[in-house]
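# Inside the fold
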Amino acid sequence: MYWYAMESHDIRRNLATEQYLMNNKTFDEPLVLFYYEGPCIIVGRNQNTLEEINQKYVEENGITVTRRLSGGGAVYQDLGNLCFSFVVDSDSESFGDFKSFVQPVVDALHDMGAKTAEVSGRNDILVDGKKFSGNAMYSHGGKTFSHGTLMLDVDQDVIAHALNVPEDKMKSKGIKSVRSRVTNLKPYLAPEYQNLTVPEFRDTLLKELFHVDSLAAIADKKVSIDDDDQAAIDKIYTDYYSNWDWVYGNSPEFTVKKRQHFTAGTIDARLLVEAGKIKNIKFFGDFFGPGDATELADKLAGVRYDKESVGAVLNSVDTQQYFNGIDTADVLNLLVD
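Residue positions within a chain follow its written sequence, with the count starting from 1. In view of the model being predicted, local features appear only for residues whose pLDDT reaches at least 70, and side-chain atom pairs are presented and counted only at 80 or more, with totals across whole chains, interfaces and linings using the full set of residues. Heavy atoms from the whole structure form the basis of all side-chain values; hydrogens and water molecules are not counted.

### Overview of the overall build of the protein
For clarity, the threshold we go by: Labels follow the DSSP assignment, with helices taken as runs of H or I lasting at least four residues and strands as runs of E lasting at least two, numbered in each case from the N terminus. To sort residues, take the accessible area from a 1.4 Å probe on protein chains only and compare it with the maximum for the residue type: under 20% means buried, over 50% means exposed, and anything in between is partly exposed. Should any heavy atoms of two residues lie within 4.5 Å, those residues are counted as being in contact. For the accessible areas, the method is Shrake-Rupley and the probe is 1.4 Å, while residue cover comes only from the protein chains on display. The positive count covers Lys and Arg only, the negative count covers Asp and Glu only, and His and the chain ends enter neither. For charged residues, the charge sits on one atom: NZ in Lys, CZ in Arg, CG in Asp, CD in Glu.
For the protein, the helix and strand inventory stands at 11 helices and 14 strands. The principal-axis extent of the C-alpha atoms belonging to the protein is close to 75 × 40 × 30 Å. Residues classed as buried in the protein amount to 51% of the 337 residues present. Within the protein, counting contacts between residues at least 6 apart in sequence, those at least 24 apart form 70% of the total. Summing over all exposed atoms, the protein offers an accessible surface of approximately 15600 Å²; the carbon and sulfur share of this is 46%. Across the protein, the centroid of the 35 positively charged side chains sits 6 Å from that of the 51 negatively charged ones.

Here you go:
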C-alpha cells in the first residue's frame, strides 16, 4: 500500500484531498489515508442536510457542516475521532463489500487489545455490540474509496444534541440516518494503548497495517502533495465542500411545519423547500395585522432557507404589519430554528 496522513483539521479540506487523490493520482497499489478534524457533521450524498442536523445548536457551537460524495447517514466527528480511507481500483473489490475493506483495520484493532471488534450489519464496526465506526463507499472513474470513522474518544454528549432533529417538523424524500448505540473505542484497547492521542493512535494503526516497527520503514510509501496538487485540492474545497449549494442546496425537496403560540397570537407556518431555498410558504393562525401575510410569503419565495437569508428579508419589512405584537426576532426563530 501507499499511505498519506493529512495535516489539515478541516473536514472539508480533507474530503477534498481524498477526492483529488482518488480522481487524479494513479497508484499501482492500494492507498490508505488517515485524517482527523475539529467538530463537524458530514451528511451523506442523498440526505437532506437540514433534516439531519440541529441547526441552532450547530451554529451556536461552531460545528462545520458539509456533504460527502458517498451515501449513508450523517455522522458527527471531533478531534477525538480518526478517519481512514482505502482507495483501490474498482475491479479489485466488489462495491458494497465493506468487510473486505475494513477487515485490515479490525485485525489491527484486535492486535491493540480490542478483541471483540467486528464488522456487523451493512457497514458498521462494533465492539461489544456497540458501534464505534460507520463506513461509506463511492466509485468514480474506475476507482473506489471506502472511508470510515474510528471513535477513539469523541464527545458523545455533543452527538445527542447536534444530530437531534424533531421528526414531526420536517418531511422529505432524503435518506434518513439510522441512529445506533455508539461508544468510544478507547476503553476497549489494551492498557498500553488507552492513553494514545489521536495522531499516536493513527501512527500505531499505520505500523500495524504495514507490519513495521516505525514509520521510517515505510517513508518511501508515503504520498507527496506538491503546490499544483494543493491548488487543485483548494478548488475542490471551494467548489464542493465549503459551497452552500453543495452542502445545503443539493438536498431533496422537503416540507417544514413550524407552529408557535405567542401572547399576541399563534403562527402556523408551512414551508416547501427546494434546492435549499424556500419555494413556497403559507402562514396560518389567529394572529392580527393590517397587512396580508401572503405579501411576506411572496418576499420569502426563492430565499435561501437559513437564518441569515430569511432574517434579511424580515428585517427589510415591517413585520408588525403582518404579525402585530410579535417581535421580528421571534418570527425569525420560529421559521428557521
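### Overview of the pattern of salt bridges
The condition that has to hold: Should a side-chain nitrogen of Lys or Arg be within 4 Å of a carboxyl oxygen of Asp or Glu, the pair is scored as a salt bridge.
Inspection of the entire model under this criterion finds 11 salt bridges. Two residues, Lys186 and Asp153, come together in a salt bridge whose shortest N-O distance is 3.8 Å. Here the residue Lys186 occupies a position in the loop between strand E11 (170-172) and helix H6 (198-210), and Asp153 occupies one in the loop between strand E10 (143-151) and helix H5 (156-162), the gap between them amounting to 33 residues. The exposure class of Lys186 is partly exposed, given its relative accessible area of 26%. According to the relative accessible area criterion, Asp153 is partly exposed, its value standing at 44%.

### What to know about the environment of Asn81
Convention followed: Contacts described as polar in this section are N or O atom pairs within 3.5 Å, which, within protein, must combine one atom able to donate a hydrogen with one able to accept it, while residues neighboring in sequence count only if both atoms come from side chains.
By the secondary structure assignment, Asn81 is in strand E6 (residues 81-89). Each C-alpha atom, one on Asn81 and one on Val313, is 39 Å from the other, the two residues being 232 residues apart in sequence. Among the polar contacts listed, one links the side chain of Asn81 to the backbone nitrogen of Leu150, at a separation of 3.4 Å.

### Structural notes on the sheet that holds strand E4 (residues 64-67)
Applied cut-off: When DSSP finds two or more bridges between a pair of strands, those strands are recorded as paired. Angles run from 0 to 180 degrees between N-to-C directions of axes, and those axes are lines fitted to C-alpha atoms, restricted for helices to the stretch in contact.
With respect to topology, three strands assemble into an open sheet ordered E4-E3-E5, the strand pairing being mixed. Across the chains shown, the open sheet's two edge strands, defined by having one partner strand only, are E4 and strand E5 (75-77). Each adjacent strand pair in this sheet contributes to an overall mean axis angle of 20 degrees, direction not counted. The pairing of strand E3 (residues 40-43) with E4 spans four bridges and is classified as parallel. Residue Ile42 lies in a different strand from E4, and its bridge partner there is Thr66. Helix H1 (residues 11-24) contacts E3, E4 and E5 of the sheet and is inclined by roughly 25 degrees relative to E4.

### Describing the packing of aromatic side chains
Centre-to-centre distance and the angle between the planes together describe a pair of aromatic rings. To keep things clear, this is the line we draw: A pair of aromatic rings is counted whenever rings of Phe, Tyr or Trp (Trp by its six-membered ring) have centres within 6.5 Å, and the orientation is called stacked for planes under 30 degrees apart, edge-to-face for over 60 and tilted otherwise. Should the NZ of a Lys or the CZ of an Arg lie within 6 Å of a ring centre and within 35 degrees of the ring normal, that charge is described as sitting over the ring.
Overall, the coordinates contain 10 aromatic pairs when judged by the stated rule. Ring-pair connections join several aromatic residues into one group, and the members of that group are Phe283, Phe287, Tyr322 and Phe323. The ring of Tyr237 is capped by Arg13, whose NZ or CZ atom sits 4.1 Å from the centre of that ring. Over the ring of Tyr2 we find Lys221, and its NZ or CZ is 4.8 Å from the ring centre.

### Let's talk about the sheet that holds E10
One open sheet holds the seven strands; their spatial order is E1-E2-E6-E10-E9-E8-E7, and the pairing between them is mixed. In this open sheet, the two edge strands, each paired with only one partner strand, are strand E1 (2-5) and strand E7 (118-120). When strand polarity is set aside, the average angle formed by the axes of neighbouring strands in this sheet is 20 degrees. Bridge analysis of E7 against strand E8 (residues 124-127) gives three bridges, and the strand direction is antiparallel. Each bridged residue has a counterpart across the sheet, and for Glu118 the counterpart in E8 is Leu126.

These values are about where atoms sit, not about what they do.
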